[in-house]
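Per-entry structural report
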Amino acid sequence: MPKLKTNRGAAKRFRATGGGGFKRAQSHLNHILTKKSSKRKRKLGPMVQVDARDVPGLRKMLPYA
């Protein structure tokens, strides 16, 4: 069986966690920041867990994660 290719776009956006899930960055924190409140920007900062329904698809894109 041939080697599986990793989806490079997904590899740049997601990281595997120790428990078998994936973590991702949140959107809406790149530009037009003046109208967003400090609280909103602060809450968008940390990485969050990918929803369980999306994990099987990510496993196919990142077979070695």
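To keep things clear, this report deals only with the structure shown in the data block. Owing to the predicted nature of the structure, the values given are computational and were not obtained by experimental measurement. (Residues numbered from 1 in each chain as written. Predicted model: local features only at pLDDT ≥ 70, side-chain atom pairs only at ≥ 80, totals over all residues. Heavy atoms only, no water.)

Here we come to the sheet that holds strand 2 (residues 22-24). On the basis of which strands lie adjacent, the open sheet formed by three strands has the order 1-2-3 and antiparallel pairing. The outermost strands of the open sheet, each flanked by one partner alone, are strand 1 (14-16) and strand 3 (48-49). As defined by bridge partners, strand 2 adjoins strand 3 across two bridges and the pair is classed as antiparallel. Its bridge partner being in strand 3, R24 is matched across the sheet by V48. (Pairing = 2+ DSSP bridges. Helix = DSSP H or I, 4+ residues; strand = E, 2+ residues; numbered from the N terminus.)

Looking now at the nonpolar core. As a rule of thumb, nonpolar side chains are buried together in soluble globular proteins. Among the nonpolar cores identified, the biggest contains eight residues, and these are A10, A11, F14, F22, V50, V55, L58 and L62. Listing elements by their share of this core, those giving two or more residues are helix 1 (8-13) and helix 3 (55-61). Not counting chain neighbours up to four residues away, the residues in contact with F22 comprise F14, R15, A16, T17, V48, Q49, V50, V55, L58, R59, L62 and A65. (Core = buried A, V, L, I, M, F, W, Y, C linked by side-chain atoms within 4.5 Å. Buried < 20%, exposed > 50% of the residue type's maximum accessible area, 1.4 Å probe, protein only. Contact = heavy atoms within 4.5 Å.)

From the geometry alone we can't say anything about function, so treat these as descriptive.
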